Structure formats: structure tokens, C-alpha cells
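Read off the chains here:
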Amino acid sequence: MTNNLYILLLLGSSLFADETIALITKSIGNAKISSDSKYRLNAEAMTPIFYGNRIKTKAKSFAQIVYLDDRSTVSIYPKTEVTINGKIENRMISKHVDVTAGIVRVKVLKQITNEFKLTTIHSELTCLECEFWVISNNKVGDQFYKI
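Right, let's walk through the structure included here.

The rules we used
Residues numbered from 1 in each chain as written. Predicted model: local features only at pLDDT ≥ 70, side-chain atom pairs only at ≥ 80, totals over all residues. Heavy atoms only, no water. Disulfide = S-S within 2.5 Å. Buried < 20%, exposed > 50% of the residue type's maximum accessible area, 1.4 Å probe, protein only. Helix = DSSP H or I, 4+ residues; strand = E, 2+ residues; numbered from the N terminus. Contact = heavy atoms within 4.5 Å. Phe/Tyr/Trp six-rings, centres within 6.5 Å; stacked < 30°, edge-to-face > 60°. Lys NZ or Arg CZ within 6 Å of the ring centre and 35° of its normal.

**Comments concerning the state of the cysteines**
In step 1: According to the stated counting rule, one finds one disulfide in the structure shown.
In step 2: In this model Cys-127 forms its disulfide with Cys-130; the gap between the sulfur atoms is 1.9 Å.
In step 3: On the accessibility criterion, Cys-127 (11% relative accessible area) is buried.

Written as C-alpha cells, this is what we have:
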């Protein structure tokens with residue numbers, strides 16, 4: 001009985017990870033996507049983003065993702081690493097971005113059900129409708145700039 005439950009849990013988590021929540025709409029330079037420990041996939045325009053995908057940009061690189069439900073955007077600037085999380089509930093995407101380090105610009109359009117959430121090592125921000133920049137540095141801390 002416990003083995004069957006364990007298999008169902010694994011199967012359910014893999015099904016959850018297969019839902020596209022966003023697309024990369026712009027990509028410049030050497031940006032990579034990972035769903036495991038290694039960055040294997042190039043971040044090119046129209047590449048789907050799934051729950052838990054990590055995006056890493058090198059020097060002189062840029063990537064922008066757009067969520068499928070409301071066109072909210074996350075722009076990822078050079079030398080930045082983020083994890084895109086979220087889940088689909090009632091045809092709306094619960095948005096959550098983890099910034100490991102770097103520069104990110106976020107434009108969140110009015111959320112109906114859940115708040116947008118951005119977390120860094122040092123801080124956490126939630127909003128229903130906002131536009132801001134975050135510069136995250138593991139040693140110095142975070143700087144937020146509201147637009």
C-alpha cells in the first residue's frame with residue numbers, strides 16, 4: 001500500500017511539473033534553462049517555462065519571460081540566476097520567482113486570485129499589481145526600486 005502511494009506521489013509531482021506557466025519571449029547572449037542540477041537548454045524565444053525551471057544569464061546576456069495567463073513579465077539581466085515557480089489554479093497562474101543573485105525587472109499586471117511573490121536570500125516581496133527592479137547580491141543585500 002505505501003509503495004503504491006509513493007508511486008502516485010511521484011507521478012503527481014511529475015504531472016504538475018509538465019504544465020507550461022510561461023514562455024521566453026526575448027533572449028540575447030548566453031542564457032540557459034535548467035530543470036535539474038545542470039544548465040543544458042539554451043533560453044531561446046518561444047521556449048516554454050515549467051514549474052521549477054531555473055534561468056541563468058551570463059555576462060552580456062538577457063532573457064525575458066511572459067506568464068501565459070495575464071502577460072506579466074520577468075526580465076532577467078546579465079549575471080543573474082532565478083527560479084520560476086508557480087502553479088495553475090482555475091486557469092490562473094500563482095506566480096513565484098526566487099532570485100538567487102543578479103538584476104531582475106518585474107512587471108505584474110493585476111492579479112485576481114493570488115499575490116505575485118518574489119523572494120531573495122535576504123527578503124520577500126508580494127504584490128497584486130506592481131512594477132519594480134531588484135538588485136540582489138548575496139554579500140551586500142537587496143535593493144528594490146519601484147517604478
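**Section: the side chain of Thr-57**
In step 1: Position of Thr-57 among the secondary structure elements: in strand β5 (residues 53-57).
In step 2: Given a relative accessible area of 3%, Thr-57 falls into the buried group.
In step 3: Setting aside residues up to four positions removed in sequence, Thr-57 forms contacts with Asn-30, Ala-31, Phe-62, Ala-63, Ile-76, Tyr-77, Pro-78, Lys-79 and Thr-80.

**Some words on the packing of aromatic side chains**
To describe a pair of aromatic rings, one takes the distance between the centres and the angle between the planes.
In step 1: In this structure the tally under the stated criterion is three aromatic pairs.
In step 2: On the basis of an interplanar angle of 65 degrees and a centroid distance of 5.0 Å, the ring pair of Phe-62 and Tyr-77 is categorised as edge-to-face. With Phe-62 in strand β6 (residues 62-67) and Tyr-77 in the loop between β7 (73-76) and β8 (80-89), the pair connects residues that are 15 residues apart, well separated along the chain.
In step 3: Its relative accessible area of 16% is what places Phe-62 among the buried residues.
In step 4: Residues Phe-132 and Phe-144 carry aromatic rings whose centres are separated by 6.1 Å and whose planes lie at 50 degrees to one another, so their mutual orientation is tilted. Within this pair, whereas Phe-132 is found in strand β12 (residues 130-137), its partner Phe-144 is found in strand β13 (residues 141-146), the two being separated by 12 residues in sequence.
In step 5: An aromatic cluster is present here, built from Phe-62, Tyr-77 and Trp-133 joined pairwise through their rings.
In step 6: Above the ring of Tyr-67, the side-chain terminus of Lys-95 is found at 5.3 Å from the ring centroid.

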